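Per-entry structural report
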Amino acid sequence: YKITTEKPIGAIAGIQRVADGPIEWSYHLPHSCQLSQGLTVQLVPVLAGILESDQERCWGFDQFFTATTHILQRHPVHLFSLQQAMAHCIYIHHYNTVSVFFEEVASQTGIGVQLQHLLYLGHDLPLEGNMKVVNLPHTSPAQPLILLSYGPEANTTLPFREPETPVIPSRFDVTADYNFSKVVVGVVHQYLRIVQLLHTHRELLLQGYYSYMMRLRRECGEAMHSIAMITIRLQACLNIEHRIHTLGHYASENQGSADNSQKLQVVHEHLPIYAAGIQEFQNRLDHLQIEHAKLAETLANDKSCQKMEMLLQKIMAIHQHYRKDRFTGKLAYNDEQIHKFEKIHLSSHIKRVKSLFREDCAQRYKELLASTRTWSSVLLEMQTRLQDFNSFSTGLLADLEMSEQHQNKALDRILFSLQSKRAGQEPGIPPRDNDRMVSRMHHLKEEMEILVRELQCNNSIIERS
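What counts as what
- Residues numbered from 1 in each chain as written.
- Predicted model: local features only at pLDDT ≥ 70, side-chain atom pairs only at ≥ 80, totals over all residues.
- Heavy atoms only, no water.
- 1 Å grid on protein atoms, 1.4 Å probe; cavity = no way out; pocket = protein on both sides within 12 Å on 5 of 7 lines; lining within 4 Å.
- Points joined across faces, edges and corners; volume = space filled by probe spheres on them.
- Helix = DSSP H or I, 4+ residues; strand = E, 2+ residues; numbered from the N terminus.
- Nonpolar A, V, L, I, M, F, W, Y, C, P; charged D, E, K, R; others polar.
- Buried < 20%, exposed > 50% of the residue type's maximum accessible area, 1.4 Å probe, protein only.
- Pairing = 2+ DSSP bridges.
- Patch = residues over 30% accessible without salt bridge, like charges linked within 9 Å, V, L, I, M, F, W, Y side chains within 5 Å.
- Areas by Shrake-Rupley, 256 points an atom, 1.4 Å probe, with all protein chains shown as cover.
- Salt bridge = Lys/Arg side-chain N within 4 Å of Asp/Glu carboxyl O.
- Contact = heavy atoms within 4.5 Å.
- Axes fitted to C-alpha atoms, helices over the stretch in contact; angles between N-to-C directions.

There is about 1,500 Å³ of room inside the largest pocket. Broken down by secondary-structure element, the contributors of at least two residues to the lining of the largest pocket are helix 2 (37–50), strand 3 (74–81), strand 4 (86–93) and helix 5 (174–247). For the lining of the largest pocket, the element with the highest residue contribution is helix 5, accounting for 9 residues. Each residue belonging to the lining of the largest pocket can be placed in one class, and the counts come to 24 nonpolar, 14 polar and 4 charged.

Our next topic: the pairing of strand 4. Along strand 4, 6 of the 8 residues are buried, which leaves the element largely enclosed by surrounding structure. As defined by bridge partners, strand 3 adjoins strand 4 across 8 bridges and the pair is classed as antiparallel. Residue pairing for strand 4: Phe-80 is matched across the bridge by Ala-87.

Another point: a nonpolar patch on the surface. Taken together, the side chains of Ile-50, Leu-51, Phe-61, Phe-64 and Phe-65 make up a nonpolar region of the molecular surface, amounting to roughly 490 Å² of accessible area. The biggest single contributor to the nonpolar patch is helix 3 (residues 61–72), with 3 residues. Structurally, Phe-64 is set in helix 3. Look at Phe-64 and you get partly exposed, because its relative accessible area is 30%.

The next subject is the pairing of strand 3. Judged by how many residues are buried, strand 3 sits mostly within the fold: 6 of 8 residues are covered. From the end of strand 3 to the start of strand 4, which pair antiparallel, there are 4 residues, and Ala-85 there has a positive phi angle of about 55°. Both strand 3 and strand 7 (residues 145–149) contribute to a ladder of 3 bridges, which runs parallel. Opposite Leu-79, over in strand 7, you have Leu-145 as the bridge partner.

Reading across from one edge, 4-3-7-5-6 is the order of the 5 strands in this open sheet, with mixed pairing throughout. Each having just a single partner strand, strand 4 and strand 6 (123–124) make up the two edges of the open sheet. In terms of strand pairing, strand 5 (residues 116–120) meets strand 6 through 2 bridges, oriented antiparallel. Its bridge partner being in strand 6, Leu-119 is matched across the sheet by Asp-124. Helix 4 (residues 98–109) contacts strand 3, strand 4, strand 5 and strand 7 of the sheet and is inclined by roughly 140° relative to strand 4.

Given below as structure tokens:
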């Protein structure tokens, strides 16, 4: 009566632990509830509405029907947050846009929209904000979207709580033993579900981090390619700079050449350092993938789920035996001894279930989490530095291209100056000096032809890349 008349607004359950005692109100579903957080958020307001003690606030059938229809029409999208090691299910209408989906993801995971990056089947999943949710690929708990965060995330929360096992009756009592075995069957079912969940999470963690590592490996390859392109462009600029310096002896215009040459030399000296840094990233990825392969092999050889299923079958067989004993009532001496013997077996099976869960399943999952914390830290640092280098290399290529344009203009001015001097000196040039001038102009022509061929070759290489 108190629960139905004194319930606070928004409460969905109440527990009265002693007669006429205070009621402990709850505003959330119990931890043992298997509903996802996404569905729970939608369902709790409905439960609170239909359980309101105030009849004016209590929902009617029309409001209840509208709310439940609204929930049933939502489209489930399964998501696994890699760095947080948490599975989510986003319930969203098919006509909503991807921008709304990202907001829902941020609400459940706490990862900002700007920090979210999605993978599907090991590949990047590029999404535009105005796309419809119906265009997202099909997902399932075993094949979700993988969410990468571009910021540091913690994975301290375990996705399970060990079930509580009742104390085995000490005395011989057919009814009490039957009731105990019935409860134990339910508890071991919970253990089995958690073991299967941990196995799935381990698979998703290994798959997700493998995709993450391969993605960074591709970015390392692109960075090395950028360094190669910068080297080609830089070499072209250095060659032009050398010719400007050589021709500068024959012309008075050579402004700014020394400063530009110094800048090019600095870039030339730093390129090997950048290449060595990218190579170090690749070596670290090699070590991480070796560690990853060992953990993947351990998971492939893991038989925890099969062992737990076998223990469950044995416990269920004892439960069926106790069920027959309860129907029989008073047992004969031999049947009583068999009953007691099965009770010893039941106790042994329960100990094996707990040992398998704690020392095998949970321990291996915690070890994997510890490894992924290290991986996440290393990969995030690597990703940040690769992004910085990508921005730097793009700007450097643009600067080198601009430098090459300025060098070409300077080269044109020097050639024009040389031609002007030659035109002014032609009337009074002695034969011997005239021969020297012709020889110099032929040499200049050959150098310019070589320069043009090199520039054409370099530009064709850059265009193909």
